[in-house]
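Each chain, written out:
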2 protein chains.
Amino acid sequence: MRDVAIIGVGQTKVGEHWDVSFRHLALYALQAAMADAGVAQADALYVGNMLSGAVEGQEHVGALVADFAGLRGIEAFKVEAACGSGAAALRMGYVAVAGEMADVVVVVGVEKMTDALAPDTTSALAMAADADYEAAQGASFVAINALLMQRYMYEYGYSRQDFAPFAVNAHRNAMNNPNAMFPFPVTVERFARAKMICEPISLLDSSPICDGAAAVVLAPAEAARALSALPVRVAGSAAGTDALALHDRRDPLVLDGAVVSARRAYEQAGIGPQDVDLFELHDAFSIMAALSLEAAGFADKGQGVRLALDGKIGLEGPVPITTMGGLKARGHPVGATGVYQVVEVVQQLRGLAGANQVPDARIGLAQNIGGSGATVITHILERME
Amino acid sequence: MRDVAIIGVGQTKVGEHWDVSFRHLALYALQAAMADAGVAQADALYVGNMLSGAVEGQEHVGALVADFAGLRGIEAFKVEAACGSGAAALRMGYVAVAGEMADVVVVVGVEKMTDALAPDTTSALAMAADADYEAAQGASFVAINALLMQRYMYEYGYSRQDFAPFAVNAHRNAMNNPNAMFPFPVTVERFARAKMICEPISLLDSSPICDGAAAVVLAPAEAARALSALPVRVAGSAAGTDALALHDRRDPLVLDGAVVSARRAYEQAGIGPQDVDLFELHDAFSIMAALSLEAAGFADKGQGVRLALDGKIGLEGPVPITTMGGLKARGHPVGATGVYQVVEVVQQLRGLAGANQVPDARIGLAQNIGGSGATVITHILERME
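If you're wondering where the values come from, they're calculated on a predicted model, not measured in any experiment.

Asks: So what exactly am I meant to see when it comes to the relation of the copies chain B and chain A here?
Replies: Two copies of one chain are present, and they are related through a rotation about an axis combined with an axial shift. Superposing chain B onto chain A takes a rotation of 180° combined with a translation of 0.0 Å along the rotation axis, leaving an RMSD of 0.0 Å. Expressed as an axis order, the relation between the two copies is that of a two-fold axis. When C-alpha distances to the rotation axis are compared across chain B, the minimum falls at B:Gly99, with a value of 1.8 Å. Interface overlap between copies is the fraction of interface residues in one copy that are interface residues in the other; for chain B against chain A it reaches 100%, indicating a shared surface.

Asks: I keep staring at the nonpolar core and nothing clicks. Help me out?
Replies: For soluble globular proteins, the rule of thumb is that nonpolar side chains tend to be buried together. Counting residues in hydrophobic clusters, the biggest one holds 92 residues, and the most contacted among them are A:Tyr46, A:Val216, B:Tyr46 and B:Val216. Contacts of A:Val216, omitting those with residues within four sequence positions, involve A:Ile6, A:Gly8, A:Val9, A:Ala33, A:Leu90, A:Val105, A:Val106, A:Val107, A:Val339, A:Val342 and A:Val343.

Asks: What's the story with the environment of B:Met324 in this structure? I'm lost.
Replies: Residues and elements named next belong to chain B. Position of Met324 among the secondary structure elements: in the loop between α12 (304-309) and α13 (326-329). Overall, the relative accessible area of 3% leaves Met324 in the buried class. Between the C-alpha atom of Met324 and that of Gln357, which follows or precedes it by 33 residues, the distance is 9.3 Å.

Asks: How should I be thinking about the packing of helix α4 (residues 85-98) of chain B against helix α14 (residues 334-349) of chain B in this particular structure?
Replies: Each pair of packed helices can be summarised by the angle the axes make with each other and by the distance between the axes. Residue and element names in this part refer to chain B. Running from N to C, α4 and α14 point in directions that differ by 65°, and their axes come no closer than 4 Å. Residue-level contacts link Ser85, Gly86, Ala87 and Leu90 of α4 to Gly335, Gly338, Val339 and Val342 of α14. Classifying every residue of the contact of α4 with α14 by side-chain character gives four nonpolar, four polar and no charged.

Asks: Help me understand the pattern of salt bridges, please; the structure alone is not making it clear to me.
Replies: Where charged atoms of side chains with opposite charge meet at close range, the side chains can pair. Residue and element names in this part refer to chain A. For the coordinates displayed, the defined rule picks out 40 salt bridges over all chains. Taking the shortest distance from any N to any O, the salt bridge between Asp103 and Arg2 comes out at 2.8 Å. Residue Asp103 is found in the loop between α4 (85-98) and β4 (105-112), and its partner Arg2 is found in the segment before β1 (4-11); the two are separated by 101 residues along the sequence. When its relative accessible area of 16% is taken as the criterion, Arg2 is described as buried. The shortest N-O distance in the salt bridge between Lys78 and Glu59 comes to 2.9 Å. Within this pair, whereas Lys78 is found in strand β3 (residues 75-80), its partner Glu59 is found in the loop between α2 (52-56) and α3 (61-68), the two being separated by 19 residues in sequence. Pair check on accessibility: Lys78 and Glu59 agree, each one buried.

Calculation criteria
Residues numbered from 1 in each chain as written. Chains lettered and ligands numbered in written order. Predicted model: local features only at pLDDT ≥ 70, side-chain atom pairs only at ≥ 80, totals over all residues. Heavy atoms only, no water. Least-squares fit on C-alpha atoms with pLDDT ≥ 70 in both. Contact = heavy atoms within 4.5 Å. Core = buried A, V, L, I, M, F, W, Y, C linked by side-chain atoms within 4.5 Å. Buried < 20%, exposed > 50% of the residue type's maximum accessible area, 1.4 Å probe, protein only. Helix = DSSP H or I, 4+ residues; strand = E, 2+ residues; numbered from the N terminus. Axes fitted to C-alpha atoms, helices over the stretch in contact; angles between N-to-C directions. Nonpolar A, V, L, I, M, F, W, Y, C, P; charged D, E, K, R; others polar. Salt bridge = Lys/Arg side-chain N within 4 Å of Asp/Glu carboxyl O.

Rendered as structure tokens:
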């Protein structure tokens, strides 16, 4: 096993890309990442994607994207783990390079959700939950998260309004991210008036349906300096799983998959939460942000919301989260999200996060969640001095 | 990089499993493989599957199957490459073990095609082709293969009937496979009378829509002897790609992805076609069997059908193919097929193929194809003396 570095990153703006095809989205992100890395070829391509079948009527996107990006011939597969697909694909790329099975691997997360063929995108997203025991009972994805949020409020005595800081922070950070879908401010007052989607989840607790693609280029760390002026080392990479259906979990308010995944990544990196300078967490709904902070060791059980209320999650705080807008305000093109998170951590560690730069960021954590917590992939990235 | 062995295999019967759920199919194959290997735990699970979203309304089957199989917590992803998904998942497992990133990895290929939610399974299968430039023009998967077969007949002067030996051989071999869907004989006369599906492809050129699951357990070869009485070494593992759409290929009658994939696997194993004792090829349609024989080096261009006509593909011939019935007669549960092929090669190398035993089989080749040749994964397996 050898050290792996990220030597190039690329992304498209997140939004409703009615005029850009699925394959073009993937291409643009890949081209940007490969240009950034200064490489024209790769040994393998892994595509993170969840909904190409349901939304585009297209599977087999590994070969499709490889050919369209000028990489015809190389190994190319799609890796899927619902909304965790992006980081799952990255994890496979990491495994290939770390294990010396490949030298240069490109990973792209791509999702086009606005073209929905299937009844609608909400139904397609329900495929991340248990089709027989959740979706078939009518539970959409927002409904499942609403159950979680309701339970969290009941157990720990929070109000709906206590979740406002997550949206306020994410939108504030998105304002300085040219690739964010919603670069406008949200106030606590506006949060209070937000339209209810599924009690107690409002519009401003929810990430949007959108399109986007992000890509990274991986190479052995020992070769990275020669290839990149600003390489970033992958210090930890790990995945964990939990029951797919919420009702099968040991404790619905503990993301066991995230706990396991974070612990494995921390152990590999030889660090703990106290060493992390920023945390790109999976705020698909604000309840997920709270539970992620707890599962990754930044807050005790029931204290994730408290951390946000106490003003600890801002760029200058001890636990900066969603520094470029997060899923809430950068956007959540589901199978692409895990790669966007990592691209943003790399921007921070390179010192290229502009107005949102976390001072002297050295170690960043990215955690991508599939479903309501059934698959969780954690990556720890470290600036190479 | 270290040597990898298969220490356990399992499969369900292929057929129309109206009374068995998707998760149960996967479970049965996994349980059989893990019992065969004598292991109760694993470091990771990779699931090969193409159609769970379209047919079952279920994505995120990595976590689903892991939990249902008693492996909650471990890394688990779905790997997709259309009809090549099974071997793609196996390839990811191989990469993880060979690169010392995992010790025991379980791989299951599972597909349930008969439950179709979407308009129909034929439409779902068309997602393996180019959605914008093939499927949107009305080209179903059988139509794409019919174009290929028509062109092959035109270029090389064969008749439709010349393809009969592929079906005859596959069905004869299926008669001794208790897991085959169609264990009955097909004669050349019956082939001549077969119902036309899409000129020149008849029912007896075509693999069926069906359900099934197959699984393998991978471990380091050095540990394999202690774990298994009959381990089989993975001597070569490689993937290759080509353009997704037929009309974008360099030469539609050459499976460039298969050529590349086979060459890489041969190089890794240090062997050539002349060293192969049996070849489990991807006979989704009989034209694919002919093109596979050519791409993998067993016949010159245009001579794949000739090889079959000359009686070379039987169990006693120089190039035994589809020894347990192949996709045609064992069945082709698409995302599971690549794992079935490998399970059958293992049966042969273990000397446990019963009446279909290839005498003194030492080296077997399994080649799994996604789409009409856009993704091809080749595995070379070798008996451990």
